[in-house]
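Given next are the chains, with one letter for each unit.
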Amino acid sequence: MSDLPRPEALFANIDHNPPRADWMDVPVEIKPGRYCYAANPDSVKYVGLPNARKWNPLDEDWKLPENWQEIIFNGIRERLHKFRSFKIFMDICVRCGACADKCHYFIGSGDPKNMPVLRAELLRSVYRGEFTTFGKILGRFAGGRKLTVDVLKEWWYYFFQCSECRRCSVFCPYGIDTAEVTIIGRELLNLLGLNIDWIATPVANCYRTGNHLGIQPHAFFDMIDFFCDDIEDITGIRPEPTFNRKGADILFVTPSGDVFADPGTYTCMGYLILFEHLKREYGLDITWSTYASEGGNFGFFTSHETMKRLNSKMYMEADRLGVKWILGGECGHMWRVIHQYMDTLNGPDFQSSRMETPVNPITGTVFKNAASTKMVHIAEFTADLIKNGKLNFDKKRNARVHLTWHDSCNPARGMGLLDEPRYVAKSVVEKFTDMPVGTIREQTFCCGGGAGLNAGENDELRMMGGLPRANAVKYVHEKYGVNMLGCVCAIDRAVLPNSMNYWVPGVSVCGLHELVANALIMTGEKERETDLRGEDLPGEDE
């Protein structure tokens, strides 16, 4: 972040005045700090995507295949036939502008092509110009244009400035989901090998080792073992998790970011504490996997087929181990894929049908909402335990925390997980203040780095995209003294700390189950002196 301008300078450069020229006449300008590096060709090859090669977005020549236009046109035809939503979204937009000011990237950059309506128009205009009679005859008068190299570069630049958060879709009177257009746009770009490395390489790593970071099974095991050492120091109780154990009742899958990156590591320690307590008190039978060691699904940012392949890894492992159902950790895109795409992608005969409709073995609650997916979100699971009086807490351990809640886009808008995290959070902290209406729940703002945009080289874009969320946090920070931003997404926990440090110094970021574990009273534990971060509990430093 050393090359970033100061926050006040970045903010002062935002201009929401309409440009003087028509948008079709404004050439694309690829600016450093606002794009991610081109994909490593080895990663592109590994996942079976075409046209792998070295190329640089700043070069004039992108080394496109000779028939690149034909490849794109065939790709559009195939998707118009395959995805009814794509055809509808290309035809029904009336450009009313209801979505125009809803995108956090537009709010934070002032770039008109980051308006959802105009971002979709980048593709829609080519559809009109190349695939409709009116567009072919009337051209620009009908809103159509030809596909040129400059148009292709414009696609790449702006489709990778969309985090697919779907906030715009909440406000569209026709229900157009611009994220679906972005997905199709990225699929078409992938046909030409035009991916970004922060997506292609994590996907390749997930194929190779089971997680986005490329961590080998023994390293995954070692990290969990280190956490258990720390937990024993804090609580006097050492968790004893199992791995790859056949015959367990439940398989637990979480994003690898929780295992290898702060502050997600504290969330992972929270899982371990909760599971150990439930095992000792109620006999919870749960296992982890070093094969399906990734809940996240970067395939969601690549193509429908890649999304399907990564999603299947969890279920293949569940089938191999013979578990009854899957418990999923705090992740974003994992949950949108599971709840909005999986059934359609996999069909009715998918092997998840071999598992059972999830039942909480401690409370007897049947999770009917997971009858199809066989997978329960850990926030639902913990909320059910609390509601049935199975957990005891000491909120004073979180007394230094004044929490506000960030509704992570995919669990919130994508699966309706709005009340359960708040119910759990309010059960373990003394001070909780929501951000203003219009910035939370279904209308929540994105962290600014979703959909594979949480790289280091595009830090200016992430700070711009994170401005609306940071602005809402700043309001409750200054008015009510909020000092902690909670969330249930590994990408949020990776992106928001830098955003908070930049825009709202004094506000930290945490996962839900870090707070749960801090407050959880475990039978037989020693008197705690620190929280999971090693910081003295309130009163201990006195």
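Our structure's up above, just so we're on the same page.
Just so it is clear, the structure is predicted and the values come from calculations on it, not from any experiment.

What about the nonpolar core?
When a protein is soluble and globular, its nonpolar side chains tend to lie buried together. Of all hydrophobic cores here, the largest spans 100 residues; its most connected members are I72, L123, W155, W156 and M500. Here the element with the most residues in this core is helix α20 (residues 459-480); it accounts for eight residues. Discounting residues that sit within four places of it in the chain, L123 has contacts with I76, F86, M90, W155, F159, V181, I184, G185 and L188. With 74 residues, the next largest nonpolar core counts L278, F381, L417 and F432 among its residues.

Quick notes on the sheet that holds strand β6 (residues 431-432)
Spatially, the four strands line up as an open sheet ordered β6-β5-β7-β8, and their pairing is parallel. In this open sheet, the two edge strands, each paired with only one partner strand, are β6 and β8 (508-511). The pairing of strand β5 (residues 402-405) with strand β7 (residues 484-487) spans three bridges and is classified as parallel. When the sheet's bridge partners are listed, W405 is paired in β7 with G486. Along the sheet, helix α21 (residues 490-503) makes contact with β7 and β8, crossing β8 at roughly 165°.

A word on helix α16 (residues 333-346)
Under the 1.5 Å per step criterion, the end-to-end length of α16 is only 17 Å for 14 residues, more than 12% shorter than the ideal 20 Å. Remark: the principal bend of α16, roughly 50°, maps to Q340. Counting buried positions over the 14 residues of α16 gives ten, a clear majority of the element. Phi turns positive one or two residues past the end of α16, at G347, with a value near 85°.

Focus: the pairing of β7
Here β7 shows no split at all, with M484 and G486 on one side and L485 and C487 on the other all buried. Traced from β7 through α21 to β8, the parallel crossover comes out right-handed.

Considerations on the sheet that holds strand β1 (residues 250-253)
Here four strands make up an open sheet; going across it, the order is β2-β1-β3-β4 and the pairing parallel. Each having just a single partner strand, β2 (286-288) and β4 (375-377) make up the two edges of the open sheet. Each adjacent strand pair in this sheet contributes to an overall mean axis angle of 30°, direction not counted. As defined by bridge partners, β1 adjoins strand β3 (residues 325-328) across four bridges and the pair is classed as parallel. Looking across to β3, one finds that V253 is bridged to G328.

A short note on the packing of aromatic side chains
Applying the stated criterion across every chain yields a total of 23 aromatic pairs. Plain terms: the ring middles of Y157 and Y158 are 5.0 Å apart, the flat faces sit at 75° to each other, and that makes the pair edge-to-face. Across the pair, Y158 and Y157 agree in class, each one buried. Seen in terms of ring centroids, F300 and F301 are 5.5 Å apart; in terms of plane orientation they differ by 45°. Their pairing is tilted. Using a relative accessible area of 1% as the deciding quantity, one classes F300 as buried. Judged by its relative accessible area of 2%, F301 is buried.

So, unusual backbone geometry
Cis geometry is adopted by the peptide bond preceding P263, which originates at D262 and carries an omega value of 0°. Residue position: P263 is located in the loop between α13 (257-260) and α14 (264-282). Despite not being glycine, A451 shows a phi value in the positive range, around 60°. Counting through the fold element by element, A451 comes out in the loop between β6 and α20. Take A451: its relative accessible area is 5%, and that puts it in the buried class.

What about the pattern of salt bridges?
Counted by the stated rule, this structure contains 36 salt bridges. Where R186 meets E164, a salt bridge forms, and the shortest distance between an N and an O atom there is 3.5 Å. Taken together, the residues span a long stretch of sequence, with R186 in helix α10 (residues 178-190) and E164 in the loop between α8 (149-159) and α9 (167-171) at a distance of 22 residues. Here E240 and R238 are joined by a salt bridge, their closest N and O atoms 3.7 Å apart. We classify E240 as partly exposed; its relative accessible area is 46%.

What counts as what
- Residues numbered from 1 in each chain as written.
- Predicted model: local features only at pLDDT ≥ 70, side-chain atom pairs only at ≥ 80, totals over all residues.
- Heavy atoms only, no water.
- Core = buried A, V, L, I, M, F, W, Y, C linked by side-chain atoms within 4.5 Å.
- Buried < 20%, exposed > 50% of the residue type's maximum accessible area, 1.4 Å probe, protein only.
- Helix = DSSP H or I, 4+ residues; strand = E, 2+ residues; numbered from the N terminus.
- Contact = heavy atoms within 4.5 Å.
- Pairing = 2+ DSSP bridges.
- Axes fitted to C-alpha atoms, helices over the stretch in contact; angles between N-to-C directions.
- Expected span 1.5 Å × (residues − 1).
- Bend = angle between axes of the 7 residues up to and from the residue.
- Right-handed = clockwise from strand over helix to strand, strands pointing away.
- Phe/Tyr/Trp six-rings, centres within 6.5 Å; stacked < 30°, edge-to-face > 60°.
- Salt bridge = Lys/Arg side-chain N within 4 Å of Asp/Glu carboxyl O.

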